[in-house]
Amino acid sequence: MDFLEGLNPQQREAAAHVEGPLLILAGAGSGKTRVITHRIAHLIHQHGVPGLAILAVTFTNKAAEEMRNRIISLLAKAGESSTPLVSTFHSFCVRLLRRDGAGLAAIRPGFTKTFNIYDDDDQISIIKSIYRGLGLDETFMKYRAALSAISHGKNQQETPQDFYKRATDPKLSRLAVIYEKYEEKLRQSNALDFDDLLLESVRLLRHDAVVREAWNRRIQFLMIDEYQDTNRTQYELMRLLTGAKHNVAVVGDEDQSIYGWRGADIRNILDFERDFPNAKVIRLEQNYRSTKNILEAASAVVANNKNRKGKWLWTDSGQGTKIGLYEALDAENEALFIADTIEKFLAQDPTERVAVLYRTNFQSRQIEEALRRYGRKYIVVGGFSFYQRAEVKDVLSYLKAVASPQDSISLLRIINVPARGIGKTTVEQIEQYALENGLSVWSAVGRMLDEHMFPGRAEASLNVFRRTMEELGDATKTHNVAEVLRLILDRTGYLQMLEAEATPESETRRENLNELVNAALEAAERGESVNEFLDHAALVSDADQVDTQAQVSLLTMHNAKGLEFPIVFIAGLEEGLFPHSRSVVGTPDAMEEERRLCYVGMTRAEKRLFLTWARSRRKWGGGPSEPSIPSRFLNEVPKDLLDRLRAAAGISQMDLLAERAYVRETARKNVYTGKTYNSVENISQFFNERGVQPAAAKPAVAQVPAAKPALGARPPVKKKPFGAGSTVQHPSYGRGTVLRKEGEGDDTKLTVSFPGYGLKKIIAKYAGIKIDE
DNA sequence: CGGTTTTTCGTTTTT
DNA sequence: CGAAAAACCG
């Protein structure tokens, strides 16, 4: 078995490379994933490198999973079963810290391996509470802006004191204080934010020679994908992990660097040759994805950037169709044009896959409405995800607080949910006391209760709360994740609260929680601890939820990174929207990043590319319609590659009002509407895909990406009670057909199709359904 | 204290 | 237009 076969000369050279640093400059669609997977397979098979000695880092969990599967199936052909470690930086760091992090306590007092991970929302809560303490509000600075400044500081290894020292205005010195308090709160809660996961891993490796050397021995080969979007900390991590060997291969494309705003440092890739003077550099410039027209157009746009290494992609494929340019009257018309055109393509070939890309998430709504007008199914990537839903966050916060009471943010989130008489003033008192005495909220509550510092009513409520939490805490010692979750739902009165509400919304929330219990059940079966379960929930990203099989996908260009679609629309090419207004007034670098984003968007297309803009657009619903100027990027596409399109007749008379109401309504009720976005189906899929280490569980055989049956398609019918094909009666959805049954007894899970409500995943015991003979 | 209503305010991109 | 904060009321 020769894994170098079938590669072009440059790919082959890259895949055959063994020792020493390697920089692969891989243009869009040049087969870089192929190179990475084949190189790893080659190392294992030809050079006898054990899988465990190879670490490959990707940008998303999804990409990691796909890469792992591809390597496994490649190796299976050669009869090998060794699997490399494939992971994101963040997941890798969590593992590292949970396994080997004990030594960190020496330099981060209070740290234990059962640390918590604080996500975006948690971070915002911290900032809010600090603002409150300082008597500030968002007029001082946006919560997010403060967070982002702190994050940048952290990644530049700047301390609050450094902030203070370089402060030239009162704003920055205030920010220094906020930064300091922010760090304090994290430590107090034994929590790490996303930056810390990387930063503390770096500190651990620096500080703990035993751990560092163990990893240096273990990792013989390191590969990093999407290297252009790594930040300085990730760079440090790379250097620490490779040790003296320098067997590091990075793959990237400076023209696709689109995360500068998040701290990605384009110098990492631009300076690689300086950092590793003996590095071999290989350019992959043959594009296998797009037609000539698309490639030329995209290249012409990005050629306007100064900050690049410079390369020119070429392709063997045909000229293809010209790029469609559509000038819409307004945003609604733009959306209708897109939906109408999609419809025409899909009528011709129902197996086609289409993506609609945009700069900002809010643009999706109008396009959704238009697609609904045509009754076309679609998925939206990003926006509101499962684990961000209030009820899911609530219950996960309970789980966190129960598992580690020092986690103040989680505790504060749920201290009065459901309402149990611990009101605003009481909570403020507690926070104040905690602050003054350097205690966590939990400790503060304990101390204050012991000293009878509360008025009678609050004291009673808090006593009950304390006892409940303690009981639940004990339960974690003897019960698995799923059981603890159920206890939480039951003992805290959360489920009761939802039952009492008895609205369609509360019903949906209960179902989401059922789904969470399902996920926990599966985690428990895999033997995952509470912490592992929570880690997965914290590290899932929007991009992990992309369903590559979906017919029509709506997503931001950022989320489209690494994906490809036969047909691509890029909507909203207007000055101020794309390029975004903030980049227009910003530095030239910011504009170059916007242009790279445009390049990324355009190069997602295989066969057809459409660029659209609206002559006027209203900012918010009822506001005035404002005239727009076509995006400068449109002018950068050579005219002879463009085909100016006119709207199909009929579009202009279409009314989206009904659809608007419908999209809103269904989004609110979270009911299946044809989009799997937020649907129960999608949620379970997302949990199923998470964090399963397939090495042992799955046979090492070529795996076609789990072909989900087309929605509405029926699996083979088996007639058994609750079995596939039987009908059931549900209290609120009425009668439905069982599509799938998993598990037995109390834990039986059913996937049921209810007319008018779509697919629902249900736990038979909880949903109170009856077999309908 | 807790739930409801009114007002304000504002939209990048996210591991 | 919609989310989140603020004001208001029982």
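Here goes a summary of the coordinates provided.

Structural notes on the overall build of chain A
Inference 1: Secondary structure assignment for chain A yields 33 helices and 21 strands.
Inference 2: The buried share of chain A, reckoned over its 773 residues, is 57%.
Inference 3: In chain A, the proportion of contacts linking residues at least 24 apart, taken out of those at least 6 apart, comes to 74%.

Let's talk about the protein's contact with DNA strand B
Inference 1: Arg359, Gly421, Thr425, Thr426 and Trp620 are the nearest of the 29 residues found near DNA strand B.
Inference 2: The side chain of Trp261 places a nitrogen or oxygen atom 3.2 Å from a base oxygen of DNA strand B.
Inference 3: Thr556 places a side-chain nitrogen or oxygen 3.1 Å from a phosphate oxygen of DNA strand B.
Inference 4: Counting residues per element, the ones that place at least two in the surface near DNA strand B are helix H19 (424-437) and helix H26 (557-560).
Inference 5: Looking at side-chain class alone, the surface near DNA strand B contains nine nonpolar, 13 polar and seven charged residues.

Let's talk about helix H17 (residues 390-403)
Inference 1: For H17, which comprises 14 residues, the first-to-last C-alpha distance of 20 Å matches the rise-based estimate of 20 Å (1.5 Å per residue) to within 8%.
Inference 2: The element H17 is largely enclosed, with a buried count of twelve among its 14 residues.
Inference 3: By the burial criterion, the buried members of H17 are Glu391, Val392, Lys393, Asp394, Val395, Leu396, Ser397, Tyr398, Leu399, Lys400, Ala401 and Val402.

Brief notes about the environment of Thr33
Inference 1: Considering the arrangement of structural elements, one finds Thr33 in helix H2 (residues 32-47).
Inference 2: Since its relative accessible area comes to 26%, Thr33 is described here as partly exposed.
Inference 3: When the C-alpha positions of Thr33 and Glu593 are compared, they lie 23 Å apart, and in sequence the two are 560 residues distant.
Inference 4: Setting aside residues up to four positions removed in sequence, Thr33 forms contacts with Met67 and Arg70.

Remarks on unusual backbone geometry
Inference 1: Here the amide bond leading from Val417 into Pro418 is cis, since omega sits at -5 degrees, within 30 degrees of zero.
Inference 2: Positionally, Pro418 belongs in the loop between helix H18 (408-414) and H19.
Inference 3: A cis amide bond links Phe578 with the next residue in sequence, Pro579, at an omega value of 10 degrees.
Inference 4: The phi angle at Glu226 is positive, at roughly 50 degrees, despite the residue not being glycine.
Inference 5: Relative to the elements of secondary structure, Glu226 occurs in the loop between strand S6 (221-224) and helix H11 (232-242).
Inference 6: With a relative accessible area of 9%, Glu226 lands in the buried category.

Thresholds applied
Residues numbered from 1 in each chain as written. Chains lettered and ligands numbered in written order. Predicted model: local features only at pLDDT ≥ 70, side-chain atom pairs only at ≥ 80, totals over all residues. Heavy atoms only, no water. Helix = DSSP H or I, 4+ residues; strand = E, 2+ residues; numbered from the N terminus. Buried < 20%, exposed > 50% of the residue type's maximum accessible area, 1.4 Å probe, protein only. Contact = heavy atoms within 4.5 Å. Near = heavy atom within 4 Å. Polar contact = N/O pair within 3.5 Å; in protein donor to acceptor, adjacent residues only side chain to side chain. Nonpolar A, V, L, I, M, F, W, Y, C, P; charged D, E, K, R; others polar. Expected span 1.5 Å × (residues − 1).

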